[in-house]
Amino acid sequence: MIDAVSHERLWSLRFSRRGAIIAAISAAVVLIGLIFSIIAFTPIRTFIPGYPDARTRRQAVQNARRVDSLETRILQWELYTENLRRVVTGRAPIRLDSLILQNQASREAVDSVYLAMRDSALRADVAAEEQFYVGGEARNLPIEAQAFFPPVRGVVSNPLDRDLHPYLDITAPAGEVVTAVLDGTVIFSSRDDDNGYTLAIQHKGDIISFYKHNQKLLRKPGDAVKAGAPVALVGSSESLTSGDHLRFELWYDGEPVDPTLYITF
């Protein structure tokens, strides 16, 4: 640029091929960085095809639970087949009490075939739970976001009534395994005059589950249990005549809640 009066050069701008290339590359880098930031740190990323939203993640957890249920059913059939094979060949069948108490002091008497099957099932359970866990620490989720395991497979014969009885009665075969609905710590495990053999588990998020009218308890106070782990056997104590069933209670924040809202029996 030249002054119109003095004809002095005020400033000049020189373009070169190298400068143009550098300017174009810099502009492209800035544009790419801006687009990446917008997509990565704003809700716009949910519009990307294939990006997992909350519904997709919830469906993935439900599918994992279905797979776990199928694996459990397959394990039962494998056990049935093995026992049938043993009876046909004249050998003693696998003892069910040894299967449930394999982690206790009598584990040396447990059949090696069952131990191998249970080890495989446990590894599958852990893998199914961990593949959807993305945090570095355990999260204290509300009850609506918890993935509950059913305490027993059966039929709800007596639904919850908040005014009359804060529990469900679930009809199931005598001796059926009762499992923990969530990870937690056993806070009560004893015989009660009104409810027979009773067990209670404290879970995170102010959740407590009660398992009553059992014929046998498999855990003691202070035991840490995982979701789906055996904790008792279905049945009634000697003084109860109400049939083979599990009386199940679920408490949240000090109030009884309807387990059927969160658990599929």
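These numbers come from a predicted model, not from an experiment.

Thoughts on the overall build of the protein chain
What the protein chain contains, in helices and strands, is four helices and 10 strands. The N-to-C order of helical and strand elements in the protein chain reads α-α-α-α-β-β-β-β-β-β-β-β-β-β. In the protein chain, which comprises 265 residues, the share counted as buried stands at 30%. Here the contacts in the protein chain between residues at least 6 apart in sequence split such that 58% fall between residues at least 24 apart. By element, 58% of the accessible surface of the protein chain is carried by carbon and sulfur atoms, the whole surface being about 17400 Å².

Some remarks on the packing of aromatic side chains
Aromatic ring pairs: the centre-centre distance and the angle between the two ring planes describe each pair. Applying the stated rule across the entire model yields two aromatic pairs. Each ring, one from Phe-148 and one from Tyr-262, has its centre 6.1 Å from the other, and the planes form 35°; the classification is tilted. Of the two residues, Phe-148 is situated in the loop between helix 4 (112–130) and strand 1 (155–158) and Tyr-262 in the segment after strand 10 (255–257); the sequence distance between them amounts to 114 residues. With relative accessibility at 0%, the residue Phe-148 sits in the buried group.

Some points on the confidence of the model for the protein chain
Detailed reading of the predicted coordinates is not advisable wherever pLDDT is low. With 69% of its residues at a pLDDT of at least 70, the protein chain reaches an overall mean of 78. Strand 7 (residues 224–225) holds the highest mean pLDDT among the elements of the protein chain, 95, whereas helix 3 (residues 96–100) holds the lowest, 54. In this model, residues 105–110 is a region of pLDDT below 50 whose contacts with residues beyond four sequence positions or in other chains number seven contacts. Counted against residues more than four places away or in other chains, residues 133–137, with its pLDDT under 50, gives one contact.

Focus: the pairing of strand 2 (residues 168–171)
For a regular strand, side-chain orientation follows a simple rule: the groups alternate between the two sheet faces. Bridging between strand 1 and strand 2 involves three bridges; their strand directions are antiparallel. What sits directly across from Val-155, in strand 2, is Thr-171.

With respect to a nonpolar patch on the surface
On the surface, Leu-31, Leu-34, Ile-35, Ile-38, Ile-39 and Ile-44 cluster together into a nonpolar patch covering about 510 Å² of accessible area. Tracing the sequence through the fold places Ile-35 in helix 1 (residues 17–41). Judged by relative accessible area, Ile-35 falls into the partly exposed class, the value being 45%.

Conventions and cut-offs
- Residues numbered from 1 in each chain as written.
- Predicted model: local features only at pLDDT ≥ 70, side-chain atom pairs only at ≥ 80, totals over all residues.
- Heavy atoms only, no water.
- Helix = DSSP H or I, 4+ residues; strand = E, 2+ residues; numbered from the N terminus.
- Buried < 20%, exposed > 50% of the residue type's maximum accessible area, 1.4 Å probe, protein only.
- Contact = heavy atoms within 4.5 Å.
- Areas by Shrake-Rupley, 256 points an atom, 1.4 Å probe, with all protein chains shown as cover.
- Phe/Tyr/Trp six-rings, centres within 6.5 Å; stacked < 30°, edge-to-face > 60°.
- pLDDT = per-residue confidence, 0-100.
- Pairing = 2+ DSSP bridges.
- Patch = residues over 30% accessible without salt bridge, like charges linked within 9 Å, V, L, I, M, F, W, Y side chains within 5 Å.
- Salt bridge = Lys/Arg side-chain N within 4 Å of Asp/Glu carboxyl O.

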